[in-house]
Amino acid sequence: MMRLFTHRNSTLITNRFISPFHSRKSSTNTSPINDETINQITTILTNRNWPHLLNSSPNLLNNLNPDVIQSVLHHNQRLDPNRLLHFFNWSLHQMGIHQNLKSYLILCVVLCNSSQLRHASVVLGQMIDTRNPVSVVIDSIDRFCSLNEGVLKFRGVIYGMVVDGYKNKGMLDEAVCVVLGINDRECFPDSACVNSLMTSLLKYRENELVWKVFDKMLELKIVPDVYIYTNLISALCKDGKVSEAKRVFIEMGENGCDPSLVTYNVLIGGLCRGGVIDEAFELKRSMTEKGFVPDRYTYTTLIDGLCKTKKLEEAKMVLEDMSKVGVFPDHVAYSALIDGFMKQGCVDEALTLKDEMFVNGVRLNAVTYNSIISGLCKARRFEEAIAVLTGMKEKGTFPDVYCYNSLLIGLCNDRRMEEVQSFLAQMRANGVRPNTFTYGVVISGYCRIPNMEVADKYFNEMVKCNIMPDRVIFTSMIDGHCKKGNTNEAISIFKSMLGKNIIPDMHMYSVLINGFARNGLMDKAIAVLSELMEKGLNPDVITYTSIISGFCKKGDLLEAFNMVDKMIRKGVNPNIVTYNVLIGGLCKSGDIQKARELFDGISSKGLTPDGVTYATMIDGYCKSGSLSDGFDLFDRMDQSGIQPDYVVYNALLNGCCKELEIEKALTLFDKMAEKGFVSAHTYNTLINMYCKSWKILEADELLKDMIDNKQIKPNHVTFTILIDCYCKAEMMKEAEDLFLEMQNRDLTPTIVTYTCLAHGYMRSGNKDKMISIFEQMVAKGIGLDTMVYNMLDEDQGSLEKSFMLLDELLQKGLSGRDVYDKLVDTLCQNGKFKEAVASIDEIGKRGVMLSFATCSTLVHKLHSAGYKNKLAEVLESMEGFGWVPQASSLTDFIQQHKADGEWENNGLNLPNQVV
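Please read all numbers here as calculations on a predicted model, not as lab measurements.

Explain the overall build of the protein here, please?
A tally of helices and strands in the protein yields 52 helices and 0 strands. Expressed as a percentage of its 915 residues, the buried residues of the protein come to 48%. A separation of at least 24 residues holds for 62% of the contacts in the protein among residues at least 6 apart in sequence. Split by element, the accessible area of the protein, about 46,000 Å² in all, is 50% carbon and sulfur.

Explanation requested: the environment of Cys193 in the structure shown.
Along the chain, Cys193 turns up in helix H12 (residues 191-203). Measuring from C-alpha to C-alpha, the distance between Cys193 and Val163 comes to 7.6 Å, with 30 residues separating the pair along the chain. Filtering out sequence-adjacent residues up to four positions away, Cys193 remains in contact with Gly160, Val163 and Asp164.

What exactly am I supposed to notice about the environment of Lys675 here?
Mapped onto the fold, Lys675 is located in helix H39 (residues 662-675). Classification of Lys675 by relative accessible area gives partly exposed; the value is 42%. Placed 30 residues apart in sequence, Lys675 and Asp645 show a C-alpha to C-alpha distance of 9.0 Å. Every residue in contact with Lys675, bar those within four places of it in the chain, is listed here: Gln643 and Tyr649.

What's the story with the environment of Thr718 in this structure? I'm lost.
Assignment of secondary structure puts Thr718 in helix H42 (residues 716-728). Counting along the chain gives 37 residues from Thr718 to His681, while the straight-line C-alpha distance between them is 8.4 Å. Every residue in contact with Thr718, bar those within four places of it in the chain, is listed here: Asn684, Ile687, Leu703 and Met706.

Any chance you could explain the confidence of the model for the protein here in plain terms?
Keep in mind that low pLDDT regions are not for reading the predicted coordinates in detail. When pLDDT is averaged along the protein, the result is 86, and 89% of the positions lie at 70 or above. Between the elements of the protein, mean pLDDT differs from a low of 42, seen in helix H1 (residues 11-17), to a high of 96, seen in helix H26 (residues 436-448). Within the model, pLDDT remains below 50 along residues 1-31, and this stretch shows 56 contacts once partners closer than five positions in the same chain are excluded. Every residue in residues 899-915 is under pLDDT 50, and counting partners more than four places away or in other chains gives 0 contacts.

What exactly am I supposed to notice about the nonpolar core here?
As a rule of thumb, soluble globular proteins bury nonpolar side chains together. Counting residues in hydrophobic clusters, the biggest one holds 274 residues, and the most contacted among them are Phe87, Ile158, Ile303, Ile618 and Ile723. In terms of residues, this core owes the most to one element, helix H7 (residues 101-113), which gives 10 residues. When sequence neighbours within four positions are dropped, the list of residues in contact with Ile158 reads Leu105, Cys108, Val109, Leu124, Ile141 and Val151. Leu823, Leu827, Leu871 and Val884 belong to the second largest nonpolar core, which has 23 residues in total.

Would you explain helix H50 (residues 852-864) in this entry?
Helical geometry: 3.6 residues make up each α-helical turn, so side chains three or four residues apart lie on a common side. The end-to-end C-alpha distance of H50 is 18 Å, a good match for the 18 Å that 13 residues give at a rise of 1.5 Å each. Inspection of H50 places Thr854, Cys855, Ser856, Leu858, Val859 and Leu862 among the buried residues, and these make up the whole buried set. Phi for Gly866, located one or two positions after H50, is positive at around 90°.

Whenever I open this one, the pattern of salt bridges confuses me. Can you help?
Opposite charge on two side chains permits pairing when their charged atoms draw close. Going through the model one piece at a time under the given rule, you end up with 28 salt bridges. Of the charged contacts in the structure, one is a salt bridge between Lys343 and Asp339, with a shortest N-O distance of 3.0 Å. In this pair, Lys343 and Asp339 are both assigned in helix H20 (residues 331-343), 4 residues apart and thus about one turn of the helix distant. Overall, Lys343 belongs to the exposed group, its relative accessible area being 58%. The salt bridge partner of Glu461 is Arg428, with a shortest N-O separation of 2.2 Å.

Looking at this structure, how should I read the packing of H26 against helix H28 (residues 471-483)?
In a packed pair of helices, the relevant descriptors are the angle between the two axes and the axis-to-axis distance. Axis separation between H26 and H28 bottoms out at 9 Å; the angle between their running directions is 15°. In this view, H26 runs roughly parallel relative to H28, as classed from their interaxial angle. In this structure, the crossing between H26 and H28 has a hand that is left-handed. For the pair H26 and H28, the contacting residues are Thr436, Tyr439, Gly440, Ile443, Ser444, Cys447 and Arg448 in the first and Ile473, Ser476, Met477, Gly480 and Lys483 in the second. Grouping the amino acids of the contact of H26 with H28 by side-chain chemistry returns 5 nonpolar, 5 polar and 2 charged.

I tried to follow the packing of helix H40 (residues 680-692) against helix H41 (residues 696-708) on my own but got confused; where do I start?
Packing of H40 against H41 leaves a shortest axis separation of 8 Å and a crossing angle of 160°. The orientation of H40 relative to H41 falls into the category roughly antiparallel. Between H40 and H41 lies a crossing whose hand is left-handed. Residues Ala680, Tyr683, Leu686, Ile687, Tyr690 and Cys691 of H40 lie in contact with H41, whose contacting residues are Glu698, Ala699, Leu702, Leu703, Asp705 and Met706. Looking at side-chain class alone, the contact of H40 with H41 contains 10 nonpolar, no polar and 2 charged residues.

Even after reading the chapter, I still don't get the packing of aromatic side chains, so can you show me in this structure?
Each aromatic ring pair is described using two quantities: the centre-to-centre distance and the angle formed by the ring planes. A complete count under the given rule lists 17 aromatic pairs for this structure. Aromatic side chains Phe88 and Tyr104 sit 5.2 Å apart centroid to centroid with 80° between the ring planes, which places their arrangement in the edge-to-face category. Here Phe88 is found in helix H6 (residues 81-95), whereas its partner Tyr104 is found in helix H7, with 16 residues between them in sequence. Each of the two residues, Phe88 as well as Tyr104, counts as buried. An angle of 70° between the planes, with centres 5.3 Å apart, marks the rings of Phe249 and Tyr264 as edge-to-face. You can see Phe249 sitting in helix H15 (residues 242-254) and its partner Tyr264 sitting in helix H16 (residues 261-273), a full 15 residues away along the chain. A residue is classified by how much of its surface remains accessible, and Phe249, at 15% relative accessible area, is buried. Counting every residue linked through ring pairs, the aromatic cluster contains Phe631, Phe634, Tyr649 and Phe677. A cation over a ring is seen here: Lys664 above Phe631, with NZ or CZ 5.3 Å from the ring centre.

What should I look at first to understand a negative patch on the surface in this one?
Together, Glu313, Glu320, Asp321 and Glu356 make up a negatively charged patch on the protein surface. The element best represented in the negative patch is helix H19 (residues 312-324), accounting for 3 residues. Note that Glu320 resides in helix H19.

Any chance you could explain H7 here in plain terms?
Over its 13 residues, H7 runs 19 Å from end to end, which matches the ideal 18 Å to within 8%, given 1.5 Å per residue. Those residues of H7 that sit buried are Leu101, Ser103, Tyr104, Leu105, Ile106, Leu107, Cys108, Val109, Val110, Leu111 and Cys112. Where H7 is buried, its residues touch helix H5 (66-75), H6, helix H8 (117-128), helix H9 (134-147) and helix H10 (155-168). The positive-phi residue at the C-terminal boundary of H7 is Ser115, with phi of around 65°.

Even after reading the chapter, I still don't get unusual backbone geometry, so can you show me in this structure?
Most peptide bonds take the trans configuration, and most residues that are not glycine carry a negative phi. With an omega of -10°, the peptide bond running from Ile449 to Pro450 counts as cis. Within the secondary structure layout, Pro450 lies in the loop between H26 and helix H27 (452-464). The backbone of Trp694 shows a phi angle near 60°, a positive value even though the residue is not glycine. Phi angles above zero are rare outside glycine, and Glu730 is one such case at about 55°.

Quick question: what am I supposed to make of the side chain of Thr130 here?
Checked against the element boundaries, Thr130 lands in the loop between H8 and H9. A polar atom in the side chain of Thr130 sits 2.8 Å from the side chain of Asn132. Sequence-distant contacts of Thr130, defined by excluding residues within four places in its chain, comprise His98, Leu101 and Tyr104.

Conventions and cut-offs
Residues numbered from 1 in each chain as written. Predicted model: local features only at pLDDT ≥ 70, side-chain atom pairs only at ≥ 80, totals over all residues. Heavy atoms only, no water. Helix = DSSP H or I, 4+ residues; strand = E, 2+ residues; numbered from the N terminus. Buried < 20%, exposed > 50% of the residue type's maximum accessible area, 1.4 Å probe, protein only. Contact = heavy atoms within 4.5 Å. Areas by Shrake-Rupley, 256 points an atom, 1.4 Å probe, with all protein chains shown as cover. pLDDT = per-residue confidence, 0-100. Core = buried A, V, L, I, M, F, W, Y, C linked by side-chain atoms within 4.5 Å. Expected span 1.5 Å × (residues − 1). Salt bridge = Lys/Arg side-chain N within 4 Å of Asp/Glu carboxyl O. Axes fitted to C-alpha atoms, helices over the stretch in contact; angles between N-to-C directions. Parallel < 35°, antiparallel > 145°, perpendicular 65-115°, else oblique. Left-handed = near helix turned anticlockwise from the far one by under 90°. Nonpolar A, V, L, I, M, F, W, Y, C, P; charged D, E, K, R; others polar. Phe/Tyr/Trp six-rings, centres within 6.5 Å; stacked < 30°, edge-to-face > 60°. Lys NZ or Arg CZ within 6 Å of the ring centre and 35° of its normal. Patch = residues over 30% accessible without salt bridge, like charges linked within 9 Å, V, L, I, M, F, W, Y side chains within 5 Å. Lys, Arg positive; Asp, Glu negative; His and termini not counted. Charge placed at Lys NZ, Arg CZ, Asp CG, Glu CD. Polar contact = N/O pair within 3.5 Å; in protein donor to acceptor, adjacent residues only side chain to side chain.

Structure representation (structure tokens):
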């Protein structure tokens, strides 16, 4: 026979189970075999009432041992086989120990001689249960057969039963080991036994063991039959070795073994999985010419293969051909085609097939429904997906965990989290238990938002349900907490994962590094990078880019470019995302020239600028006032075949509005409207431009346009911009109307909105309404201090007017007694020293005590700013009001402030020195 394959020898598996047989006594009982006991039992066994007679003979029972049982079986082989079998089972129960292997073999042969093969098989199964090594079992069979000529004809049957016994008990390695231990073709199990073993091996993907069995057959010159060949072809196809499977198919014919319909189907399936659909159809034509009629499996396999290669129309034609030849499609064929159409986004076509299934009386199973729900969710047709899932029960199919998971994936991706919780509850109510994947989907969905409070809830819930979170779930949790800035919680989760013996992979380390870098914790990011490299992991371009991005956000471009050098030295080349980050960092630092140099050099690195690259550079130009350069790059972007997106248009619009280029801004706005890029942010940018240009009517028209627009609605920023504009124009009635309209639309005013109104009232002299605004803010828990001081700082009226406002705030309980300290500090910080000096007398007249710290700061600031001629007067006033000790020295104040500063600096540096 032509050999096509050379496989490893069976040394490994043989060594595991076969060891040299050492002769030993057949029983641990050292008492001599009692011939009298054997004769008595033999006599009793001739009696129909033998169990009662044996059980009522204490002496006989005491003398029972495995050797006695073996001798009784040996001397009574001509006895009724059923009585001998019952006696053997009685002895097992009576003694409670295993018998000698020879006893099992004697009884097996007796049963075989009486054609009771099923009982014989059970006896050999009991022999296997003795857990003797395979080598001992094989040696016992060989010795037993060699000493009993009448047994030779049963050698193959016995070995076949032993192989089946091991196989049926799931001991496939041992079953193969028995086959490999047979050295005589006459002892080899029959084809049915070998095929059954091979089928089991293929089921559990033990393909290598299939080949060991086949090699043994060739060694013993046993000709494989059609079933053996079919199993070999199946093994090769499952291993993806389609070319070798075809060669075995050819060899099969050369050796005079005709393939069966199953053989053709197996090879057609392998060809389809291997993507060689044309060859699969050619084989189908070949089998038809040989007289075989393709069955449902043949057609279904071809449909599945066509769907996987995205040849959906051809697959549909095969489905139609099935019906024409009288082979009606089942749910498997329909499911394959529905799944294929759904994955290609042809949802309506898939739904038509679903309806066709109902018409043809083909019942949908959970797998088909799962494909439909998944496809509808990917097409964002959620209402239909929900209707399908809720209607399954009425159609006779209960939704399983996979159907719910498909719906939950879609809802989470669309951030419809309230519905996620609703269907989780429905899932439990219907008795469907969430699995690891269910929790993973939901937790990941909340981590992306991120809503870590709910994510933590489901994480803890799955642990309580004894469902172990996997690495993917831990990674999602770490990423979510990092996005929220909870890096300590992320570290805690990471440590918890290590405690559960889950080893972090490269992706998890990258997420952790990205989280630290995003939150500005570059030391920790670098520490994690060092740790993963110590563990032998190699950071990829994503990991390095995360660190580079962190340095760029902190403005530390030197370290960012140093990291680029390190990654290149490690053999990791920057990708376009890396360059985008660097260009963004340079633009943010104001170094537009270097950013453009980097931009122009991208092509020389074998990379092509993408939409983000252009958007980053254009945004940099616009923010730096180089609007013309931004538009030049915009034109070049279009010429390069890269379509500008929403980000690019908004960057240019912001630039035009900043430079008050109204015509250009409006032209861009019209283009954005054509492309569907207009958003509330776009409107707000234009409205803000009009307000800065004091074109209030045009700004108001844009607001009305937004209100009339069904797609884009004004937000709190829109109203705040216009309210500020009206307040600055002292058009307070219009500002008030907008403020009310804003709240009627359930838009919550922010501190900026309130500040704009308060400024307006202050400018217009309407103190009562200004105080009313302050009261509203306090009622909503919004602090006033910063807002009030900034208002006083911006007010160009008299200082007396400012103090009147502060006095009223104190009287109404809207501010604390430290309001005057904060006022003086604010004036000093803003360099308004004249006003700060003037405030001393006003504060003193009110009997208010300024803190010593405020007095020290004021003296130091005045001294540093050159107001030395005023220092003595200020110090005298402070002493007079009792704010500082009498006879305080100016030098003492300055030295004291200096010492405080040095102590403060040393205190700040101390932790780093300790570390």
